[in-house]
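An overview of the molecular structure
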Amino acid sequence: MRLGPTCRLSRRSLIQGGLAAALLPALRSSDAAAAPALTPLDPKEPAAASLGYTTDSATVDGKAIPNHAPDQKCANCVQFRGAASDAMGGCAIFPGRSVAANGWCKLWASTDSSMPE
Ligand code: SF4
């Protein structure tokens, strides 16, 4: 590749950029390996219990908590940090902890802005 006189890219910057691009996949995989494991959240822990966290949304008493709907689950909560196919995933409300994809708590909020909360 021949650079024109107005081009400000130096051969050094191109080589450095190429090296960075070559090393990026290795850095990404080491980041993933270094990510701390999440500890599953126990529904009996005070913080979890105060928010009514359960590992199974189907067990929520709809009479006691009328805002709960059967289709509300951690997996479709805006706070869930797992992939759609994950059985467990992180939660922004409980840093360092994982919650069940089928779980639920009183802070559930839809990822779908058109869905009633
Ligand atoms: S905030 Fe959302 S993802 Fe976190 S425990 Fe509650 S319902 Fe689940």
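Computed from a predicted model, the values in this text were never measured in an experiment.

So, on to the overall build of the protein chain. Broken down by element type, the protein chain carries two helices and three strands. Going from the N terminus to the C terminus, the protein chain shows its helices and strands as α-β-α-β-β. Taking all 117 residues of the protein chain together, 19% fall into the buried category. For the protein chain, restricting intrachain contacts to residue pairs at least 6 apart in sequence, the fraction spanning at least 24 positions comes to 53%.

Turning next to the pairing of strand E2 (residues 88-91). Where E2 and strand E3 (residues 94-100) come together, four bridges link them in antiparallel fashion. By the bridge assignment for E3, Gly90 is matched with Ser98. If you look at the hairpin formed by E2 and E3, you'll find two residues sitting between the two strands.

Close contacts around the ligand come from 13 residues, with Cys74, Cys77, Gln79, Cys91 and Cys105 the closest. Of the residues contributing to the shell around the ligand, the split by class is 11 nonpolar, two polar and no charged.

This part takes up the nonpolar core. In this structure, Leu41, Cys74, Phe80, Cys91, Val99 and Trp104 are the most contacted members of the largest nonpolar core, which totals 16 residues. Take this core: its biggest share by element is three residues, from E3.

Low pLDDT means the predicted coordinates in that region are not meant to be read closely. Summary statistics for the protein chain give a mean pLDDT of 81 and a share of 67% for residues scoring 70 or more. Within the model, the stretch residues 17-30 combines pLDDT values under 50 with zero contacts to residues more than four positions away or in other chains.

Before going further, it helps to spend a moment on the environment of Ala101. Position of Ala101 among the secondary structure elements: in the segment after E3. Of the residues examined, Ala101 has 21 C-beta atoms within 10 Å and is grouped as buried. Between the C-alpha atom of Ala101 and that of Gly90, which follows or precedes it by 11 residues, the distance is 9.4 Å.

Further remarks concern the sheet that holds strand E1 (residues 39-40). Where strands meet in a sheet, backbone hydrogen bonds hold them as pairs that are either parallel or antiparallel. What the three strands build is an open sheet, ordered E1-E3-E2; its pairing is mixed. Every other strand in the sheet has two partners, leaving E1 and E2 as the edge strands with one partner each.

Attention now goes to the pairing of E3. Where E1 meets E3, two bridges bridge the pair, whose relative direction is parallel. Considered in E3, the bridge of Thr39 is made with Arg97.

Cut-offs used in this document
Residues numbered from 1 in each chain as written. Predicted model: local features only at pLDDT ≥ 70, side-chain atom pairs only at ≥ 80, totals over all residues. Helix = DSSP H or I, 4+ residues; strand = E, 2+ residues; numbered from the N terminus. Buried ≥ 20, exposed ≤ 12 C-beta atoms within 10 Å, placed from the backbone. Contact = placed C-beta atoms within 7 Å. Pairing = 2+ DSSP bridges. Near = placed C-beta within 6 Å. Nonpolar A, V, L, I, M, F, W, Y, C, P; charged D, E, K, R; others polar. Core = buried A, V, L, I, M, F, W, Y, C linked by C-beta atoms within 7 Å. pLDDT = per-residue confidence, 0-100.

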